[in-house]
Amino acid sequence: MEEQKDMVLEVENLNVKFVMEEETVEAVNNISLHIKKGETLGLVGESGSGKSTLAKSILGMTEYQGEIVHHSRRPQMVFQDPYSSLNPAFSIRRIVEEPLRIYGKYSAAERKRRAEEMLEAVGLGPEFHNRKPAQLSGGQRQRVSIAAAMIVQPRLVILDEAVSALDVTIQDQILDLLMKLRRTYDLSYLFISHDLNVIYQCCDRVIVMQKGKIVEENTVDGIFDHPVHPYTKQLLKAAE
């Protein structure tokens, strides 16, 4: 058993069930996992495999059975589509300030200072601070989403297909940024993606989900070099 002090998240025997058209669907079926400090855990599987439901359970956004233990404050999330998750009426500085405003612990001057520092950390200088989301590119909007997640100093960030809507060049830039932030702020990531090439670039360990269950778990090199489960082999073949 891993030392708790090395953990940011432990999930034990997690189950999530939905009733759809009078039929019970087991979206997440008896899943256990952990994420250590400074680690990036990849979560892969086809659409409908239960990845996002698992993430929502960890965030407390859906009912579940089982045990979820956060060894730090509740994680933050960066979504696939930054445009729909950003308030179009706010400047990007106001968007990044908003979580601090909700906490209510900081003065207006302190919120402004912290938001500007975080925007600088994600590569958005003063010339961007008063722009609205519609005035930014897709990659810039995702940088705003990352800054808004980071402003409350989480130890774990969940990235749900966070680069899949971006073209390859911008994907690489955002992945580089995420790895830099991980080192700078001693972060852990749960990186959800259907793109195995992205998973290979940034993850330490990988969990493969199929129909709500974990079918394989290994280091990233173990998954890519020595896959065991037929479903994992199928996903790797499709990614060639």
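Note: the structure precedes this text.
What you see is a predicted model, and the numbers here were worked out from it, not measured in a lab.

Criteria and cut-off values
- Residues numbered from 1 in each chain as written.
- Predicted model: local features only at pLDDT ≥ 70, side-chain atom pairs only at ≥ 80, totals over all residues.
- Heavy atoms only, no water.
- Helix = DSSP H or I, 4+ residues; strand = E, 2+ residues; numbered from the N terminus.
- Buried < 20%, exposed > 50% of the residue type's maximum accessible area, 1.4 Å probe, protein only.
- 1 Å grid on protein atoms, 1.4 Å probe; cavity = no way out; pocket = protein on both sides within 12 Å on 5 of 7 lines; lining within 4 Å.
- Points joined across faces, edges and corners; volume = space filled by probe spheres on them.
- Nonpolar A, V, L, I, M, F, W, Y, C, P; charged D, E, K, R; others polar.
- Pairing = 2+ DSSP bridges.
- Axes fitted to C-alpha atoms, helices over the stretch in contact; angles between N-to-C directions.
- Contact = heavy atoms within 4.5 Å.
- Parallel < 35°, antiparallel > 145°, perpendicular 65-115°, else oblique.
- Left-handed = near helix turned anticlockwise from the far one by under 90°.
- Expected span 1.5 Å × (residues − 1).
- Arc of directions from axis to C-beta.
- Core = buried A, V, L, I, M, F, W, Y, C linked by side-chain atoms within 4.5 Å.

### A closer look at the environment of Y64
Here is step 1 of the chain: Tracing the backbone shows Y64 in the loop between α1 (51-58) and β4 (65-70).
Here is step 2 of the chain: Judged by relative accessible area, which is 34%, Y64 ranks as partly exposed.

### Structural notes on the layout of surface pockets
Here is step 1 of the chain: There is about 340 Å³ of room inside the largest pocket.
Here is step 2 of the chain: Around the largest pocket, the lining comprises 16 residues; the ones closest to its centre are M77, F79, S85, A148 and A149.
Here is step 3 of the chain: Put simply, the parts of the chain that give the lining of the largest pocket at least two residues each are β5 (76-78), α3 (92-103) and α5 (138-150).
Here is step 4 of the chain: Each residue belonging to the lining of the largest pocket can be placed in one class, and the counts come to eleven nonpolar, four polar and one charged.

### Looking at the sheet that holds strand β2 (residues 23-36)
Here is step 1 of the chain: The strand order across the open sheet built from three strands is β2-β1-β4, with neighbouring strands paired in antiparallel fashion. For this open sheet the edge positions go to β2 and β4, each flanked by a neighbour on one side alone. On average, each strand axis in the sheet is tilted by 20° relative to the strand beside it, whichever way the strands run.
Here is step 2 of the chain: Inspection of the sheet shows strand β1 (residues 7-20) paired to β2 by ten bridges, in the antiparallel sense. Looking at β2, one finds that V16 is bridged to V28.
Here is step 3 of the chain: With respect to the sheet, α1 is in contact with β1, β2 and β4, its orientation differing from that of β1 by roughly 120°.

### A few points about the packing of α3 against α5
Here is step 1 of the chain: Two elements in contact, α3 and α5, have axes separated by 7 Å at closest approach and are oriented at 25°. The orientation of α3 with respect to α5, classified from their angle, is roughly parallel. Seen along the crossing, α3 lies across α5 with a hand that is right-handed. In contact with I92, I95, V96 and P99 of α3, α5 contributes V144, A147 and A148.

### So, the side chain of T232
Here is step 1 of the chain: Positionally, T232 belongs in helix α9 (residues 230-238).
Here is step 2 of the chain: Residues in contact with T232, not counting those within four places in the same chain, are V208, V215, E216, I223 and P227.

### Points about the sheet that holds strand β8 (residues 205-210)
Here is step 1 of the chain: Spatial ordering of the open sheet is given by β5-β6-β7-β3-β8-β9, a layout of six strands whose pairing is mixed. The open sheet has two edge strands with one neighbour each: β5 and β9 (213-219). This sheet shows a mean twist of 20° between the axes of neighbouring strands, independent of strand direction.
Here is step 2 of the chain: Across the sheet, α5 lies against β5 and β6 (156-160), angled at about 175° from β5, the strand it touches most.
Here is step 3 of the chain: Set on the sheet, α9 makes contact with β3 (40-44), β8 and β9; between it and β8 the angle comes to about 105°.

### Considerations on helix α4 (residues 108-121)
Here is step 1 of the chain: Across its 14 residues, α4 extends 20 Å between first and last C-alpha, which sits within 8% of the 20 Å expected from 1.5 Å per residue.
Here is step 2 of the chain: The set of residues buried in α4 consists of R111, A115, M118, L119 and A121. In a view along the axis of α4, the buried residues occupy a sector of 155°, so they form one face of it.
Here is step 3 of the chain: The elements touched by buried residues of α4 are α3, α5 and α6 (168-185).
Here is step 4 of the chain: At the C-terminal side of α4, G123 shows a positive phi close to 90°.

### Topic: the nonpolar core
Here is step 1 of the chain: Of all hydrophobic cores here, the largest spans 48 residues; its most connected members are I146, L178 and F191.
Here is step 2 of the chain: With six residues, the single largest contributor to this core is α6.
Here is step 3 of the chain: Not counting chain neighbours up to four residues away, the residues in contact with L178 comprise I146, L159, Y189 and F191.
Here is step 4 of the chain: Counting 23 residues, the second largest nonpolar core, distinct from the first, contains L41, L54, I68 and L156.

Any link to function would need more than the numbers given here.
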